[in-house]
Amino acid sequence: FSDKNVGTGKTVTLTSSAAGADVSNYAFTHQTSATADITAKVLSVTASAADKVYDGTTDATITMGALSGFVGSETVTAGGTGAFDSANAGSRTVTVAYTLANGDNGGLASNYSLADTTHSANINKATLTVQADNDAKFVTQADTAGFAGVSYSGFVNGEDATDITTGGLNITRSNVGTDTPGVYNDVLQASGLTANNYAFNYVNGDYTIVPSNQLLVRVNDISNTYGTVTSYTIDSASYWNGSAEVALGGGTGSITN
């Protein structure tokens with residue numbers, strides 16, 4: 001070959017000779033050159049793909065092992081990027097694409113290759129905190145169906161409550177038979193949600209039974225960015241007159257946390 005490196009249609013110089021008992025009876029026209037390819041030598045590598053927690057992407061982390069199969073003392077270096085076959089949680093296949101760089105002792109990356117390989121790894125469900133929102137009622141009133149609902153914390157990749165199945169959401173009050181005024185901690189309990197990519201951490205909420213001599217003020221739901229001041233707007237204010245809930249009107253207000 002004209003050189004040792006990988007290439008197609010490379011020139012091969014031919015040196016010919018003839019021998020045999022009758023060689024002197026013949027004249028030879030020898031072919032002096034030809035073309036042929038030098039293909040990359042495939043190296044072996046032991047690599048692995050790491051498990052991860054669901055983040056809404058197919059990105060995978062690859063740990064490279066030692067390379068073997070070099071010619072002589074040559075070396076090259078290698079890196080790899082991986083992609084899961086799906087962004088969803090579960091047992092997944094990771095496809096790895098390798099890149100090579102020139103190494104020592106004349107090792108050229110172009111003379112070697114690493115075939116794309118597949119590995120197995122898991123995408124584990126992300127933990128989503130579901131907080132049963134605190135709620136209240138006046139004494140003798142019936143509990144409101146669904147109470148005040150729930151709040152979520154822990155969505156990834158811009159997802160929200162529409163990315164989980166909420167049809168099974170259930171909120172119950174563990175002291176449902178109690179109707180004495182007071183603050184009852186952790187009695188509102190959420191359950192029943194399902195999701196392919198999230199595991200649920202349920203946090204209980206408080207329930208207040210308000211006597212007739214107190215004002216009950218409710219605020220509107222709000223979403224806010226961590227580290228900024230949260231300003232709530234008042235949804236309603238009312239009191240119990242002994243037989244019915246009476247709403248106050250004629251103004252607006254806000255509460256800053």
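Note that the structure is predicted; figures quoted are calculated from it, not measured.

Novice: Lay out the overall build of the protein with the relevant residues and their values.
Specialist: Assigned secondary structure in the protein consists of zero helices and 24 strands. The globule rule puts the C-alpha radius of gyration for 257 residues at 18 Å, and the 36 Å found for the protein is more than 25% above it. Each principal axis of the C-alpha distribution contributes one length, and for the protein these read about 130 × 35 × 25 Å. Here the analysis covers contacts within the protein between residues at least 6 apart in sequence; of these, 58% occur between residues at least 24 apart. Averaging the coordinates of the 9 positive side-chain charges in the protein and doing the same for the 22 negative ones gives two points 4 Å apart.

Novice: Could you give an account of the nonpolar core, naming the residues involved and the relevant values?
Specialist: Core analysis: the largest hydrophobic core is formed by 40 residues, its most contacted members being Val94 and Tyr198. For this core, the elements supplying multiple residues, two or more each, are β10 (76–84), β11 (90–102), β13 (117–124), β14 (126–132), β15 (135–138), β18 (182–191) and β20 (205–210). When near neighbours in sequence (up to four residues on either side) are disregarded, Val94 contacts Ala49, Ala60, Ile62, Gly82, Ala83, Phe84, Thr117, Thr118, His119 and Ala121.

Novice: Lay out the side chain of Asn111 in plain terms, naming residues and giving numbers.
Specialist: With respect to the helices and strands, Asn111 occurs in the loop between β11 and β12 (112–113). Apart from the residues lying within four places of it in its own chain, the contact partners of Asn111 are Asn5, Val6, Ala40 and Lys41.

Novice: Residues and numbers for the sheet that holds strand β16 (residues 150–153), please.
Specialist: The sheet built from three strands is open, its strands ordered β16-β14-β19 with mixed pairing. Every other strand in the sheet has two partners, leaving β16 and β19 (198–203) as the edge strands with one partner each. On average, adjacent strands in this sheet sit at an angle of 30 degrees to one another, irrespective of strand direction. Bridge count for β14 against β16 is four bridges, and the pairing is antiparallel. Residue pairing in the sheet places Ala132 in a bridge with Val150 of β16.

Novice: Describe the sheet that holds β20, listing the residues and the values that go with them.
Specialist: Read across the sheet, four strands follow the order β15-β20-β18-β17 without closing on themselves; strand pairing throughout is mixed. Among the strands making up the open sheet, the edge pair consists of β15 and β17 (170–173). Strand-to-strand twist across the sheet, computed as the mean angle between neighbouring axes with direction ignored, equals 30 degrees. Here β17 runs beside β18; their pairing, made up of four bridges, is antiparallel. Considered in β18, the bridge of Ile171 is made with Ala190.

Novice: Give me a nonpolar patch on the surface: which residues, what numbers.
Specialist: Residues Leu215, Val217, Val219, Ile234, Tyr239 and Leu248 make up a contiguous nonpolar surface patch of roughly 460 Å² in combined accessible area. For the nonpolar patch, the secondary-structure elements that each account for two or more residues are β21 (215–219) and β22 (231–240). Here Ile234 shows up in strand β22.

Novice: Any chance you could break down the packing of aromatic side chains for me, citing the residues and the numbers?
Specialist: Here the structure, examined in full by the defined rule, presents seven aromatic pairs. Judged by centre distance (6.0 Å) and plane angle (25 degrees), the ring pair of Phe138 and Trp240 falls under stacked. Here Phe138, found in strand β15, pairs with Trp240, found in strand β22; they are 102 residues apart in sequence, far enough to count as distant. We note that Phe138, like Trp240, is buried. Three or more aromatic residues link up through ring pairs in this structure, and these residues are Tyr54, Tyr152, Phe155 and Tyr198.

Novice: For the pattern of salt bridges, give the residues involved together with the corresponding values.
Specialist: In the structure shown here, the tally under the stated rule is seven salt bridges. Note that Lys52 and Asp55 form a salt bridge whose closest N and O atoms lie 2.8 Å from each other. Classification of Lys52 by relative accessible area gives buried; the value is 14%. The shortest N-O distance in the salt bridge between Lys137 and Asp143 comes to 3.1 Å. Since its relative accessible area comes to 6%, Lys137 is described here as buried. Via salt bridges that share partners, Lys137, Asp143, Arg173 and Asp179 belong to a single interconnected network.

Novice: Help me get a handle on the side chain of Lys137, residues and values and all.
Specialist: Inspection of the secondary structure assignment puts Lys137 in strand β15. There is a polar contact of 2.5 Å between the side chain of Lys137 and the backbone oxygen of Gln141. Here Asp179 takes part through its side chain, which lies 3.1 Å from a polar atom of the side chain of Lys137. Not counting residues up to four positions away in its chain, the partners in contact with Lys137 are Ala142, Asp143, Arg173, Asp179, Tyr207, Thr208, Ile209, Val210 and Arg218.

Cut-offs used in this document
Residues numbered from 1 in each chain as written. Predicted model: local features only at pLDDT ≥ 70, side-chain atom pairs only at ≥ 80, totals over all residues. Heavy atoms only, no water. Helix = DSSP H or I, 4+ residues; strand = E, 2+ residues; numbered from the N terminus. Rg over C-alpha atoms; globule rule 2.2 N^0.38 Å. Contact = heavy atoms within 4.5 Å. Lys, Arg positive; Asp, Glu negative; His and termini not counted. Charge placed at Lys NZ, Arg CZ, Asp CG, Glu CD. Core = buried A, V, L, I, M, F, W, Y, C linked by side-chain atoms within 4.5 Å. Buried < 20%, exposed > 50% of the residue type's maximum accessible area, 1.4 Å probe, protein only. Pairing = 2+ DSSP bridges. Axes fitted to C-alpha atoms, helices over the stretch in contact; angles between N-to-C directions. Patch = residues over 30% accessible without salt bridge, like charges linked within 9 Å, V, L, I, M, F, W, Y side chains within 5 Å. Areas by Shrake-Rupley, 256 points an atom, 1.4 Å probe, with all protein chains shown as cover. Salt bridge = Lys/Arg side-chain N within 4 Å of Asp/Glu carboxyl O. Phe/Tyr/Trp six-rings, centres within 6.5 Å; stacked < 30°, edge-to-face > 60°. Polar contact = N/O pair within 3.5 Å; in protein donor to acceptor, adjacent residues only side chain to side chain.

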